[in-house]
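Residue-level structure breakdown
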Amino acid sequence: MDLEISYYRDALKSYMTIRCPEEAREADYRFRMAASNPIEGILHCSLRRIDGEIYLYYEVSARQKLSHMFADRILDTADLSRILSSLAQAGTRLSGYLLDAADLLLGPDRGYYDFSENRYYFTYYPGLSERVKPSENRALFAFLAEKTDSSDREAAGAAYQLDALSEMPGFVFTEKILRDLFGERIQVPEESFENPEAGEADREDDWSESFLSKEKEGEPLLPAWETPLPAADPPGGEKKGRGAGKPGLLSILVPAAFFAAAAAFAAAGQLLPLPVRTLRLFTAGALAAGAAGILLVLRALIRRVPFRRKKEADREPLPEMTRLPADEFDFWKQEEKEDKGPAETVFVSAAAAQSEKRLYGNGKAKGMVIDLDALPHTIGTAAGFADVLLDDSSVSRMHARISQGPDQTPVLTDLNSTNGTWVNGIRLQPEESIRIGKGDVIRFGETEFCCR
């Protein structure tokens, strides 16, 4: 397919742009229909004329390509059926607007996922089927077959069967083919939106139920990356932890006994004719008993405050970082090396020096180190999608990716982030890639690193 595709970001939104051919004019009802009607599951587009050329602008703000989402992940039955269900529904909705599902761009870089809306989106290009053969528009199915877990027989069988079907002349993916692949286990309900107006950096991951159900009726099969929520607290307030609840009878009687002893010592010292030395002993005993009683009362009050140790699963994940070798912090070993006297200089090749590059955090990220020798890395806040997690609300779930360039130089790519990826004060365009090296200052949202 010979399509001129680029990416652009204005002050507020990000776009994928496709230049339309000469014969594409506003007179073609398909272009007007696609631009005038927001269709669920289809990237909304607008027609723009720039320097005599017509472009389709598809809004992709805060959305991730399938190729990025599953770059380092595998798909199981739930993942595969969810993607295919969304694709089948998108084709059905297009037909309601007299648009052809065969005009969907079926590539892993043309399908997107919106974390906030919990929905997959696909790209509709009017008249695509008239310009390309179906066999040239099947990269998505080949990608799904490659990424599907081979140990999941149902998913692998469906993915490879679909990949083979897509090579047939006139193939168009429909809900009927979806049900033929998965049988009666597949469900295609309407997807629901969840707080679509929330900013990406402030949104919480909220996965809807999978389209597949387990053999046990009514029990949803969660996507591979989703973790079930912890059980809700019992009715009636907070959970009771160690020492919570009403004080026992013993915690009341023991302090009372000490206070009674203190009162008895004090009364005896005042009423009985005792020597001065004995009187001092009685006074000291009264003070000691009173202090012990006060301490026991305070202990009982503190124990009434609910207290619960955080379980390992409740703890917030720490940002992943690469620790420096222990030898670099072992000052004793450094002194021993110095005492041995001068040693011969060892030649270090350019490749070895390059592999020692690291990103060192500045400001709020001080202490974090990202090793550029073990690439690729995906930077973001979504556990399971990013392997370098940053605790910063200005960072997107999948913010940027660092990969190895053809000459072994680290390459930084912005993953359509909300607040941008910056290199030396210059913001990258969505999907833009740039080489990084020593001395570069890199910023993900408001989190800054320096390459050294």
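Residues numbered from 1 in each chain as written. Predicted model: local features only at pLDDT ≥ 70, side-chain atom pairs only at ≥ 80, totals over all residues. Heavy atoms only, no water.

Digging into the pairing of strand 13 (residues 398-404)
For clarity, the threshold we go by: Three labels apply to residues, based on accessible area from a 1.4 Å probe with only protein chains included: buried if under 20% of the type maximum, exposed if over 50%, partly exposed otherwise in between. Numbering of helices and strands runs from the N terminus, with a helix taken as a DSSP run of H or I at least four residues long and a strand as a DSSP run of E at least two residues long. One bridge is not enough; two strands pair if DSSP finds at least two bridges between them.
The buried count for strand 13 comes to five of seven residues, which makes it a mostly enclosed element. Bridge analysis of strand 11 (residues 377-380) against strand 13 gives four bridges, and the strand direction is antiparallel. In the sheet register, Ile 379 faces strand 13, and the bridge partner there is Ala 400. Bridge analysis of strand 13 against strand 14 (residues 410-414) gives five bridges, and the strand direction is antiparallel. The residue bridging Ser 403 from the neighbouring strand is Val 411, located in strand 14. In sequence, strand 13 turns back onto strand 14 through a hairpin of five residues, with Gln 408 there showing a positive phi of about 70°.

Structural notes on helix 3 (residues 77-95)
Stated precisely, the cut-off is as follows: For a helix, the expected span equals 1.5 Å multiplied by the residue count minus one. Whenever two N or O atoms come within 3.5 Å, that pair is a polar contact, provided that in protein one can donate a hydrogen and the other can accept it, and provided that, for residues adjacent in sequence, both atoms are side-chain atoms.
The first and last C-alpha atoms of helix 3 sit 27 Å apart over 19 residues, in line with the 27 Å expected at 1.5 Å per residue. Extensive coverage of helix 3 is indicated by the burial of 17 of its 19 residues. Its side-chain oxygen placed 3.2 Å from the backbone nitrogen of Ala 78, Asp 76 serves as the N-cap of helix 3.

Some points on the sheet that holds strand 14
Overall, mixed pairing links the five strands, which are arranged 12-11-13-14-17 in an open sheet. With one partner strand each, in any of the chains shown, strand 12 (388-389) and strand 17 (433-435) form the two edges of the open sheet. As judged from the two bridges shared by strand 11 and strand 12, these two strands associate in the parallel manner. Among the inter-strand pairings, Ile 379 is bridged to a residue of strand 12, identified as Val 388.

Quick word on the sheet that holds strand 18 (residues 441-444)
Judged by pairing direction, the sheet is antiparallel, and its six strands sit side by side in the order 10-9-19-18-15-16 without closing on themselves. The open sheet terminates on both sides in strands that have one partner only, identified here as strand 10 (369-371) and strand 16 (426-427). Here strand 15 (residues 421-423) pairs with strand 16 via two bridges, running antiparallel. Opposite Trp 422, over in strand 16, you have Arg 427 as the bridge partner.

Some details on empty space enclosed by the protein
The line we're drawing: Computed over the protein atoms alone on a 1 Å grid, cavities are sets of points where a 1.4 Å probe fits but cannot get out and pockets are open sets with protein on both sides within 12 Å along at least five of seven lines; a residue lines them when it has an atom within 4 Å of a point. Grid points are joined across faces, edges and corners, and a volume is the space filled by probe spheres set on the points. The nonpolar class holds Ala, Val, Leu, Ile, Met, Phe, Trp, Tyr, Cys and Pro. Asp, Glu, Lys and Arg form the charged class, and all remaining residues, Gly among them, are polar.
The tally for this structure, following the rule as stated, stands at one cavity of 30 Å³ or more. Put simply, the largest cavity is a space of about 60 Å³. Forming the boundary of the largest cavity are Ala 34, Asn 37, Ile 39, Ile 42, Leu 43, His 44, Cys 45, Leu 94, Leu 99 and Tyr 124. Each residue belonging to the lining of the largest cavity can be placed in one class, and the counts come to eight nonpolar, two polar and no charged.

Things to note about a nonpolar patch on the surface
Test applied: Put simply, a patch holds well-exposed residues, over 30% relative accessible area, that have no salt bridge, with like charges counted together within 9 Å and Val, Leu, Ile, Met, Phe, Trp or Tyr side chains within 5 Å. Surface accessibility in these figures is a Shrake-Rupley result with a 1.4 Å probe; residues are shielded only by whichever protein chains are displayed. Basic side-chain nitrogens of Lys or Arg form a salt bridge, by our definition, when they fall within 4 Å of a carboxyl oxygen of Asp or Glu.
Judged by side-chain polarity, Ile 294, Leu 295, Val 297, Leu 298 and Leu 301 come together as a nonpolar surface patch covering roughly 460 Å² of accessible area. Tracing the backbone through its elements, the reader meets Leu 298 in helix 9 (residues 276-303).

Quick notes on the packing of aromatic side chains
Inclusion rule: Here a Phe, Tyr or Trp ring, Trp counted by its six-membered ring, pairs with any other such ring whose centre lies within 6.5 Å, and the pair is stacked when the planes are under 30 degrees apart, edge-to-face when over 60, and tilted otherwise. We call a charge positioned over a ring when the NZ of a Lys or the CZ of an Arg lies within 6 Å of the ring centre and within 35 degrees of the ring normal.
Under the counting rule described, the total for this entry stands at eight aromatic pairs. Summarising the aromatic geometry, the rings of Tyr 113 and Phe 115 are spaced 5.4 Å apart at their centres and angled 90° between planes, so their arrangement reads as edge-to-face. Exposure remark for Tyr 113: the relative accessible area of 1% places this residue in the buried category. When its relative accessible area of 4% is taken as the criterion, Phe 115 is described as buried. A cation sits over an aromatic face here: Arg 48 above Tyr 57, 4.2 Å from the ring centre. Taking NZ or CZ as reference, Arg 73 lies 4.9 Å from the ring centre of Phe 385, over its face.

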